[in-house]
Amino acid sequence: MVGKKDSELFNPEEAATREEENAVVVRTGETVTREVREQFGGEERLLESSKRPYRDASGTCVGVITIGRDITETRLAEQTQGRGEGRARIDTLTAGVAHSLNNALTPIMGMADLILFDPTVPHHVAPKLETILRHATEAADLVRHLQRLSLAETDQDSADAVGINEIWARVIASAGDDWADKGIQLEQQLDEAAGAVANTAEIRQAFTHVLINAVEAMPDGGTLTIRTKSDGANCLIHIVDTGVGMTIEEQARCQQPFYSTKQGRPGLGLSVAYGAAKRAGGSLLVESHLGRGTSVQISLPTRAVLE
């Protein structure tokens, strides 16, 4: 804004930083550029702030011109491209880790099973063996998750025609009254023609994970909106919450396996949903605004995708 001082536009700490930058520009005559986050209308935006000297006719620096450029979308586009490349590397690593873990778990489970049914084994040992077997089985389930996450190619061998609204009804019924207890209102806008070709179990799991994330993002209540719509070639599913939202950095990483915005809790939710949509020949997109909420869009084909 022409004629405005930094102290009139920004909080004291940011204004002090900008005044220091002004002094550097005046002293050195060089341009100073940095990225800064600002709140506009309650929404966080990423700006490129560039300060350059303003010179009079004699070439003397008599002021500073500041230009702010909104680069939020540009940076998100760059991160999305990089995320695709990074995802391929993560998938390769995940597949290798899953294979190694599976090789290690197989003999553990096999031997524990054999010993458990050996009549010569003392009775007091059986509970310990059952504990070993139970935890090994849970680890094997996690390995299977990892193996599914590492499959980036379309897989329609186990796909069939599914009713998207019916799957949502089962997912919501399984969740019980979790959102009602937290003061969350559920709104549904369902297209009666919403159907897709996908693996029913995987899509149900994907919906469950996205639903859990949405509910956990609204600890103080809010609105959870579920919309389904068929446009002929694809079925679009939108899950929108009015929760805490995510930063730009969190959005860039939210679909990575084990990444979580919750401290001390590794996340598989969105990565599982991403994998399920990808294997069905669809896609998953996330849009979030800090303090305003998150929208997850899952697109699934309405007919089998031929590769």
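Here the structure is a predicted model, which is why all the values come from computation and not from measurement.

*Asks:* Where do I start with the overall build of the protein chain in this structure?
*Replies:* The number of helices and strands found in the protein chain is nine helices and ten strands. In the protein chain, which comprises 307 residues, the share counted as buried stands at 36%. Accessible surface computed for the protein chain: about 17400 Å², of which carbon and sulfur atoms make up 54%.

*Asks:* Help me understand the sheet that holds strand 8 (residues 234-241) in this model?
*Replies:* Within a sheet, adjacent strands bond to each other through the backbone by hydrogen bonds, running parallel or antiparallel. Taken in spatial order, the five strands make up an open sheet running 5-7-8-10-9, and their pairing is mixed. Across the chains shown, the open sheet's two edge strands, defined by having one partner strand only, are strand 5 (184-190) and strand 9 (283-289). Going from strand to strand, the sheet's axes swing by 10° on average, the running direction of each strand aside. As judged from the seven bridges shared by strand 5 and strand 7 (residues 222-230), these two strands associate in the parallel manner. Opposite Ile184, over in strand 7, you have Gly222 as the bridge partner. Set on the sheet, helix 7 (residues 200-216) makes contact with strand 5, strand 7, strand 8 and strand 10 (293-301); between it and strand 10 the angle comes to about 170°.

*Asks:* Quick question: what am I supposed to make of the nonpolar core here?
*Replies:* The nonpolar side chains of a soluble globular protein tend to be buried, and buried together. Ranked by internal contacts, the top residues of the largest apolar core, which has 37 residues, are Ile164, Trp168, Phe207, Leu211, Ile237, Ile298 and Leu300. At the level of secondary structure, the elements contributing two or more residues to this core comprise helix 5 (164-175), strand 6 (195-198), helix 7, strand 7, strand 8, helix 9 (269-279), strand 9 and strand 10. Take this core: its biggest share by element is seven residues, from helix 7. For Ile237, the contacting residues outside a window of four places in its chain are Ile164, Trp168, Phe207, Arg227, Thr228, Val296, Gln297, Ile298 and Leu300.

*Asks:* Sorry, what's going on with a nonpolar patch on the surface here?
*Replies:* On the surface, a nonpolar cluster with roughly 350 Å² of combined accessible area is contributed by Tyr54, Val62, Ile65 and Ile67. The biggest single contributor to the nonpolar patch is strand 3 (residues 61-70), with three residues. Within the secondary structure layout, Tyr54 lies in strand 2 (residues 43-55). Among the residues examined, Tyr54 registers a relative accessible area of 47% and is labelled partly exposed.

*Asks:* Can you walk me through the packing of aromatic side chains in this structure?
*Replies:* Any pair of aromatic rings gets described here by the distance separating the centres and the angle formed by the planes. Summed over all chains, the structure comprises one aromatic pair. Judged by centre distance (4.5 Å) and plane angle (5°), the ring pair of Trp168 and Phe207 falls under stacked. Taken as a pair, Trp168 in helix 5 and Phe207 in helix 7 lie far apart in primary sequence, 39 residues in all. On the basis of relative accessible area, Phe207 is assigned to the buried category, the value being 1%.

*Asks:* What am I meant to see in the pattern of salt bridges here?
*Replies:* Opposite charge on two side chains makes pairing possible when the charged atoms of those side chains draw close. Across all of its chains, the model carries one salt bridge by this definition. Taking the shortest distance from any N to any O, the salt bridge between Arg279 and Glu202 comes out at 3.3 Å. Here the residue Arg279 occupies a position in helix 9, and Glu202 occupies one in helix 7, the gap between them amounting to 77 residues. With a relative accessible area of 5%, Arg279 lands in the buried category. The exposure class of Glu202 is buried, given its relative accessible area of 13%.

*Asks:* Any chance you could explain the packing of helix 5 against helix 7 here in plain terms?
*Replies:* The relative placement of two packed helices is expressed as an angle between their axes plus a distance between the axes. Orientation of helix 5 relative to helix 7, taken along the N-to-C sense of each, is 50°, at an axis distance of 10 Å. It follows that helix 5 is oblique to helix 7 by the angle criterion. In this structure, helix 5 crosses over helix 7, and the sense of that crossing is right-handed. Here Ile164, Ile167, Trp168, Arg170, Val171, Ser174 and Ala175 of helix 5 lie close against helix 7, whose contacting residues are Thr200, Ile203, Arg204, Phe207, Thr208 and Leu211. Its residues assigned to classes, the contact of helix 5 with helix 7 comprises eight nonpolar, three polar and two charged.

Reading the values: rules and limits
- Numbering of residues starts from 1 in every chain and runs along the sequence as written.
- For this predicted model, a pLDDT threshold of at least 70 governs which residues receive local features, and a threshold of 80 or more governs which side-chain atom pairs are given and counted, while totals over whole chains, interfaces and linings are taken from all residues.
- Remark: hydrogens and water are excluded; side-chain values derive from all non-hydrogen atoms of the structure.
- A run of H or I in DSSP becomes a helix once it reaches four residues, and a run of E becomes a strand once it reaches two; helices and strands are each numbered from the N terminus.
- Exposure classes here rest on a 1.4 Å probe applied to the protein chains alone. A residue is buried below 20% of its type maximum, exposed above 50%, and partly exposed in between.
- For the accessible areas, the method is Shrake-Rupley and the probe is 1.4 Å, while residue cover comes only from the protein chains on display.
- When DSSP finds two or more bridges between two strands, those strands count as paired.
- Angles run from 0 to 180 degrees between N-to-C directions of axes, and those axes are lines fitted to C-alpha atoms, restricted for helices to the stretch in contact.
- Should any heavy atoms of two residues lie within 4.5 Å, those residues are counted as being in contact.
- Here the nonpolar core consists of buried residues drawn from Ala, Val, Leu, Ile, Met, Phe, Trp, Tyr and Cys, with membership extended through side-chain atoms lying within 4.5 Å.
- Within this analysis, patches are made of residues with over 30% relative accessible area and no salt bridge. Like charges are joined at 9 Å or less; nonpolar side chains (Val, Leu, Ile, Met, Phe, Trp, Tyr) at 5 Å or less.
- Put simply, a salt bridge is a Lys or Arg side-chain nitrogen that is within 4 Å of an Asp or Glu carboxyl oxygen.
- When the centres of two rings from Phe, Tyr and Trp lie within 6.5 Å, Trp using its six-membered ring, the rings pair. Their planes under 30 degrees apart give stacked, over 60 give edge-to-face, and anything left gives tilted.
- An angle below 35 degrees is read as roughly parallel, one above 145 as roughly antiparallel, one from 65 to 115 as roughly perpendicular, and any other as oblique.
- Each crossing is labelled by how the near helix is turned from the far one, with a counterclockwise turn of less than a right angle marking it left-handed and a clockwise turn marking it right-handed.
- Side-chain classes are defined by residue name, with Ala, Val, Leu, Ile, Met, Phe, Trp, Tyr, Cys and Pro counting as nonpolar, Asp, Glu, Lys and Arg as charged, and the others, Gly among them, as polar.

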